[in-house]
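Fold and geometry: a report
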Amino acid sequence: MNANTVFQTGLYIVVLIALAIPLGRYMTSVLDGSSVVVRRIGRPIETLLYKLAGVDDKSEMSWKRYAFAVLAFNALGALVVFGFLRLQQWLPSNPQAFGPMTPDGAFNTAVSFVTNTNWQDYTPESTASYLSQMVGLTVQNFFSAAIGIVVAVALVRGFIRAGTDRIGNLWVDLTRTVIRILLPIAFVFAIVLIALGVVDSLSGGIAVTGVDGAQHTIALAPVASQEAIKELGTNGGGILNANSAHPFENPNAWTNIIEIFLLLVIPVSLTRTFGVMVADKKQGYTILSVMTFLWGGMLAVIWWAETHPNGPAALLAGANIEGKETRFGIPASALFADSTTGTSTGAVNSAHDSFTGLGGGGAMLNMLFSEISPGGTGTGIYSILVFAIVAVFLAGLMVGRTPEYLGKKLGRKEVTMASIAMLAMPTLVLVFAGIASVLPATSSALTNSGAHGLSEILYGYASVSNNNGSAFGGLTATSDWFQATMGVCMALGRFIPILAVLCLAGGLAAQKKIPPSAGTLPTSGPLFASMVAGTVLLVAALTFVPALALGPIAEAMS
């Protein structure tokens, strides 16, 4: 940790936010249909898709229809992915002649990619065919990212509309998001990654002779084309098992910084989209400041912990080098770890299981904050707006006034939905991690015992319940218990908050706008930002401190 690396990180943040501002404006124009140039280019394609699907793009949906469409679309997507994985031995583009994935593995993987989790309890390059990867999994990388964005936009529409039960049309929102936002950006950056050395091949592999004289095959894959959307859509599932630590996925410092940029840029840009849509850019800046504060705080914790380790080997080395790629070092590894767990990405360029107790705990805490720093594509902005609603409600209780946020009253229904969205993840994590920790069979699934073993369990369930997908490598989650329960956590952790947020959007849209008065709590500026951040920290502290004390905190103090 020195002045140079701190300066580079600060410069990186400035560049990221500077580029996120125009992207946020562009996404606003795409989602509200006001972009003239883009409308002329994309409209013919969209019109054709609407006709083929029988969609009336002029009609809008109530929150119930919108929610039903989200669930039906994702259920169909999971079924398609499951089919690809179970039938891949008979499908084309399978040069390695892989057999079918096991039923429980296919179920877990299908749910994982549909929910934007991308949890992988298998070795991709030796399990999934090219067709399964490109058509089954990568397509869901686009769709799952788009679902998060459109749900966030539906919530914002709830704030800006009045006296209506309509919050948009899922099929129109989804089509515009994929065709006009995700596809073009992913296409451009796939080419950039190829130019910088990321492989993209269908040849199967490279035959090499090892130092022992034995013949080996180094797997190749269409990596770059999937790497771009893997990071851009905060998906995280790599086509190679080592993920972004693999030199074929992330060969150098330039690709590393670009991948970090991709996984952060849309979540950060959506704060600008939010500010423009509600016609008050300060609201977006306030939300962004909370995200930045939490992201920066955890980065400092992880960075400091990895450069100030305990233990004789690490002290002799001067830092915790274990599990880190030498081409990246500790600063780039800490930046990647903080960003991938602060979003719902889950991609890794280092082994989180080898982090210090405090460093791994910082990455875990990012997820236990509900991944709002800055969160996943769409999920980050609607999750932090839920915390903002709870913060306004608590402030209203203190002064004895009916809470209002962005001109809408927050009554029993709104606060209930916000609470459900906020508490779904902690419930799943604590219930399933608690059960797993007392099951006799769990000990055989752990590489480590004691505090670090508990951290592996807690991290795993925090990851799947937050739709993150990263893991402490010491947990072998291939048993029926882990396959089933983690699949359930991925589905419930994704769709309970989505349903609650859409119900919240419908209730807000039906209300009339209330003009601000002398007693209205200002919701832009440092005071409100500190209230939102305080609410996040308070909820995480009250919920998870006992579990963290037995896991990463105990490990850090040992």
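For the structure itself, look to the data block above.
Let us look at the structure shown here. (Residues numbered from 1 in each chain as written. Predicted model: local features only at pLDDT ≥ 70, side-chain atom pairs only at ≥ 80, totals over all residues. Heavy atoms only, no water.)

**A look at the overall build of the protein chain**
Selection criterion: A run of DSSP states H or I qualifies as a helix once it reaches four residues; a run of E qualifies as a strand once it reaches two. Both are numbered from the N-terminal end. For a compact globule the rule gives 2.2 Å times the number of residues to the power 0.38, and the radius of gyration it is set against comes from C-alpha atoms. Under the scheme applied here, a residue whose accessible area is under 20% of the maximum for its type counts as buried, over 50% as exposed, and between as partly exposed, the area being computed with a 1.4 Å probe on protein chains only.
Tallying secondary structure elements over the protein chain gives 18 helices and six strands in all. Taking 24 Å as the expected radius of gyration for a compact globule of 558 residues, we find that the protein chain reaches 23 Å, a close match to that expectation. Based on the C-alpha atoms only, the size of the protein chain along its principal axes is roughly 75 × 55 × 50 Å. For the protein chain, with 558 residues in total, the buried portion stands at 58%.

**Description of a nonpolar patch on the surface**
The condition is simple: Surface patches are defined over residues having more than 30% relative accessible area and no salt bridge, joining like charges when they lie within 9 Å and nonpolar side chains (Val, Leu, Ile, Met, Phe, Trp, Tyr) when within 5 Å. Where accessible areas are quoted, they stem from the Shrake-Rupley method and a 1.4 Å probe; at the residue level, only the protein chains shown are allowed to cover. In what follows, salt bridge is the name for a side-chain nitrogen of Lys or Arg lying within 4 Å of a carboxyl oxygen of Asp or Glu.
On the surface, a cluster of nonpolar side chains totalling about 380 Å² of accessible area is made up of Phe-7, Leu-11, Val-15 and Leu-19. Looking at the secondary structure, you find Val-15 in helix α1 (residues 3-31). Judged by relative accessible area, which is 40%, Val-15 ranks as partly exposed.

**Brief notes about the packing of aromatic side chains**
Formally: The rule is short: rings of Phe, Tyr and Trp, with Trp giving its six-membered ring, pair when the centres are within 6.5 Å, and they are stacked under 30 degrees, edge-to-face over 60, tilted in between.
This model, assessed by the stated rule, comprises eight aromatic pairs. A centroid spacing of 6.2 Å and a plane angle of 35° characterise the contact between Tyr-461 and Phe-482, whose relative ring orientation is tilted. Here Phe-482 lies in helix α16 (residues 480-510) and Tyr-461 lies in helix α15 (residues 450-465), a separation of 21 residues in the sequence. For the residue pair Tyr-461 and Phe-482, the accessibility class agrees, reading buried in each case.

**A look at the environment of Leu-537**
As for its position among the elements, Leu-537 is in helix α17 (residues 526-550). For Leu-537, a relative accessible area of 36% translates into the label partly exposed. The spatial distance from the C-alpha of Leu-537 to the C-alpha of Phe-369 is 7.3 Å, given a sequence separation of 168 residues.

**A few points about the pattern of salt bridges**
Two side chains of opposite charge can pair, provided their charged atoms sit close to one another. Summed over the entire model, instances satisfying the criterion amount to eleven salt bridges. Across the pair Glu-325 and Arg-327 runs a salt bridge, and its minimum N-O distance is 2.6 Å. The exposure class of Arg-327 is partly exposed, given its relative accessible area of 27%. A salt bridge links Glu-404 to Lys-409, with the nearest nitrogen and oxygen atoms 3.8 Å apart. What makes Lys-409 partly exposed here is its relative accessible area of 36%. By sharing partners, the salt bridges in this structure join Glu-227, Lys-230, Glu-231 and Glu-249 into a single network.

**Focus: the nonpolar core**
Quick note on the threshold: Nonpolar core, defined: a set of buried Ala, Val, Leu, Ile, Met, Phe, Trp, Tyr and Cys residues in which side-chain atoms within 4.5 Å join the residues together. Contacts are assigned to residue pairs with any non-hydrogen atoms lying within 4.5 Å of each other.
Ile-266, Tyr-405 and Tyr-461 are the most contacted members of the largest nonpolar core, which has 150 residues in total. Beyond its immediate sequence surroundings of up to four residues, Tyr-405 is in contact with Phe-159, Phe-274, Gln-283, Ile-287, Leu-385, Ala-388, Ile-389, Val-392, Leu-410, Thr-523 and Phe-528. Judged by nonpolar contacts, the second largest core, of ten residues, contains Met-101, Ala-106, Ala-110 and Phe-113.

**Digging into the pairing of strand β4 (residues 215-219)**
In regular strands, side chains alternate between the two faces of the sheet. Counted only if it meets this: The pairing criterion for strands is at least two bridges between them, as found by DSSP.
Where strand β3 (residues 205-209) lies against β4, five bridges are found, and the strand directions are antiparallel. By the bridge assignment for β4, Gly-205 is matched with Ala-219. Remark: five residues form the turn of the hairpin made by β3 and β4, two consecutive strands paired antiparallel; Gly-213 in that turn has positive phi of roughly 85°.

**Considerations on unusual backbone geometry**
The phi angle of most residues is negative, glycine excepted, and most peptide bonds adopt the trans form. The residue after Ser-373, namely Pro-374, is reached through a cis peptide bond having omega 0°. Residue placement: Pro-374 occurs in the loop between α12 (357-368) and α13 (379-399). Unusually for a residue other than glycine, Asn-118 sits at a positive phi of about 60°. Looking at where Asn-118 falls in the secondary structure, it is placed in the loop between α4 (103-114) and α5 (130-160). Among the residues examined, Asn-118 registers a relative accessible area of 2% and is labelled buried.

**A short note on helix α7 (residues 223-232)**
Burial of α7 is extensive: nine of the ten residues sit out of reach of the surface. Listed as buried for α7 are Val-223, Ala-224, Gln-226, Glu-227, Ala-228, Ile-229, Lys-230, Glu-231 and Leu-232. Those residues of α7 that are buried lie in contact with α5, α6 (170-195), α8 (253-277) and α11 (329-342). Thr-234 sits one or two positions beyond α7 and adopts a positive phi of about 45°.

**Quick notes on the packing of α13 against helix α14 (residues 412-438)**
To keep it simple, the criterion reads: Simply put, an axis is a line fit to the C-alpha atoms, just over the touching stretch for a helix, and the angle between two N-to-C directions goes from 0 to 180 degrees. Throughout this description, any angle smaller than 35 degrees is read as roughly parallel, any larger than 145 degrees as roughly antiparallel, any in the 65 to 115 degree range as roughly perpendicular, and the remainder as oblique. Crossings are classed by handedness, with left-handed meaning an anticlockwise turn of the near helix from the far one by less than a right angle and right-handed meaning a clockwise turn. Three classes are used: nonpolar for Ala, Val, Leu, Ile, Met, Phe, Trp, Tyr, Cys and Pro, charged for Asp, Glu, Lys and Arg, and polar for all others, with Gly counted as polar.
Contact geometry for α13 and α14: axes closest at 9 Å, N-to-C directions at 130°. The angle between α13 and α14 falls in the class oblique. Of the two possible hands of crossing, α13 and α14 adopt the one that is left-handed. From α13, Val-386, Phe-387, Ile-389, Val-390 and Phe-393 reach across to α14, where they touch Val-415, Ala-418, Ala-421 and Met-422. When the residues that make up the contact of α13 with α14 are grouped by side-chain class, the tally is nine nonpolar, no polar and no charged.

**Some thoughts on α15**
Heads up, the rule is: For a helix, the expected span equals 1.5 Å multiplied by the number of residues minus one.
Taking 1.5 Å per residue, 16 residues should reach 22 Å; α15 reaches 23 Å between its end C-alpha atoms and fits that length. Positive phi shows up at Asn-467, right after α15, with a value of about 60°.

**Let's talk about the environment of Asn-366**
Counting through the fold element by element, Asn-366 comes out in helix α12. Owing to a relative accessible area of 0%, Asn-366 belongs among the buried residues under this scheme. Sequence-wise, Asn-366 and Ser-112 are 254 residues apart; in three dimensions their C-alpha atoms are separated by 20 Å. Among residues more than four places away in sequence, those in contact with Asn-366 are Leu-294, Met-298, Asp-338, Thr-341, Gly-342, Glu-371 and Ser-373.

**Overview of the packing of α5 against α13**
In contact at an axis separation of 7 Å, α5 and α13 are set at 35° when each is read in the N-to-C sense. For the pair α5 and α13, contact is made by Gly-148, Val-151, Ala-152, Leu-155, Val-156 and Phe-159 and by Thr-379, Ile-381, Tyr-382, Leu-385 and Ile-389, respectively. Grouping the constituent residues of the contact of α5 with α13 by class yields nine nonpolar, two polar and no charged.

**A word on the side chain of Thr-286**
Tracing the backbone shows Thr-286 in helix α9 (residues 281-307). Apart from the residues within four sequence positions on either side, Thr-286 is in contact with Thr-523, Ser-524, Gly-525, Phe-528 and Ala-529.

**With respect to the side chain of Asn-320**
For clarity, the threshold we go by: The definition of a polar contact used here is a pair of N or O atoms within 3.5 Å, where within protein one atom must be able to donate a hydrogen and the other to accept one, and adjacent residues in sequence count solely through side-chain atom pairs.
Structurally, Asn-320 can be placed in the loop between α10 (312-317) and α11. Within polar-contact distance, the side chain of Asn-320 engages the side chain of Glu-306 at 2.7 Å. Of note is the side chain of Asn-320, whose polar atom sits 3.0 Å from the backbone oxygen of Ser-354.

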